[in-house]
Amino acid sequence: MRRIGAITVAALLAVTGCSAGSEQAPGTGIRTVKFSITEGKRTAGPEEVAVRTGENVALEVTSDQPDELHVHGYDKAAQLSPGVPGTVAFTANIDGIFEVELHKSGAAVTKLRVSG
């Protein structure tokens, strides 16, 4: 019986596009996904974030170096100071797969997959 429950939970997570390292603050309707970048490499956060079209998402990045966080396709950006989380928040209303990176270092943060 436990195995069936675990399979059900796994299937629900896959269908809802839940990503490791993401959380939805109660009452906000915004899913926040957190990342850490150290020496130009992602050290925390998922390789891909899957969201549904129309979902509100916030990508929060903490880097050990000053940089600029950029979400391609949405042209959203945030300046990053070392050790201080920077966030881009928006409604994911364009379907597709979008690179999220740091501009100065070229570090890949994640891929944002938006689909209905």
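Scoring rules and cut-offs
- Residues numbered from 1 in each chain as written.
- Predicted model: local features only at pLDDT ≥ 70, side-chain atom pairs only at ≥ 80, totals over all residues.
- Heavy atoms only, no water.
- Helix = DSSP H or I, 4+ residues; strand = E, 2+ residues; numbered from the N terminus.
- Buried < 20%, exposed > 50% of the residue type's maximum accessible area, 1.4 Å probe, protein only.
- Contact = heavy atoms within 4.5 Å.
- Areas by Shrake-Rupley, 256 points an atom, 1.4 Å probe, with all protein chains shown as cover.
- Phe/Tyr/Trp six-rings, centres within 6.5 Å; stacked < 30°, edge-to-face > 60°.
- Pairing = 2+ DSSP bridges.
- Lys, Arg positive; Asp, Glu negative; His and termini not counted.
- Salt bridge = Lys/Arg side-chain N within 4 Å of Asp/Glu carboxyl O.

1. Notes on the overall build of the protein
And step 1. Secondary structure summary: the protein contains one helix and ten strands in total.
And step 2. Secondary structure elements in the protein, listed N-terminal to C-terminal, are α-β-β-β-β-β-β-β-β-β-β.
And step 3. The buried share among the 116 residues of the protein stands at 32%.
And step 4. Relative to all contacts within the protein whose residues are 6 or more apart in sequence, the contacts with residues 24 or more apart total 54%.
And step 5. Surface accessibility of the protein: about 6600 Å² in total, with carbon and sulfur atoms responsible for 55%.

2. Some thoughts on the packing of aromatic side chains
When we look at a pair of aromatic rings, we describe it by the centre distance and by the angle of the planes.
And step 1. In total, this model carries two aromatic pairs according to the counting rule given.
And step 2. Plain terms: the ring middles of tyrosine 74 and phenylalanine 90 are 4.8 Å apart, the flat faces sit at 40° to each other, and that makes the pair tilted. One end of the pair, tyrosine 74, is in the loop between strand E6 (67–71) and strand E7 (76–80); the other, phenylalanine 90, is in strand E8 (residues 86–92), and 16 residues separate them in sequence. The two residues tyrosine 74 and phenylalanine 90 agree in class, both being buried.

3. A closer look at the pairing of strand E3 (residues 41–44)
And step 1. Direction of pairing for strand E2 (residues 30–38) relative to E3: antiparallel, over a ladder of three bridges. Residue pairing in the sheet places serine 36 in a bridge with alanine 44 of E3.
And step 2. Linking E2 to E3, which pair antiparallel, is a turn of two residues; within it glutamate 39 sits at a positive phi near 50°.

4. Description of the environment of glycine 96
And step 1. Positionally, glycine 96 belongs in strand E9 (residues 96–102).
And step 2. In this view, glycine 96 contacts Leu112, Arg113 and Val114; residues no more than four positions away in its chain are not counted.

5. Structural notes on the side chain of glutamate 60
And step 1. With respect to the secondary-structure elements, glutamate 60 resides in strand E5 (residues 55–63).
And step 2. This buried residue, glutamate 60, is left without a salt bridge; lysine 34 holds the nearest opposite charge, at 4.2 Å.
And step 3. Not counting the four nearest positions on each side in its chain, glutamate 60 is found in contact with Thr32, Val33, Lys34, Phe35, Pro85, Gly86 and Thr87.

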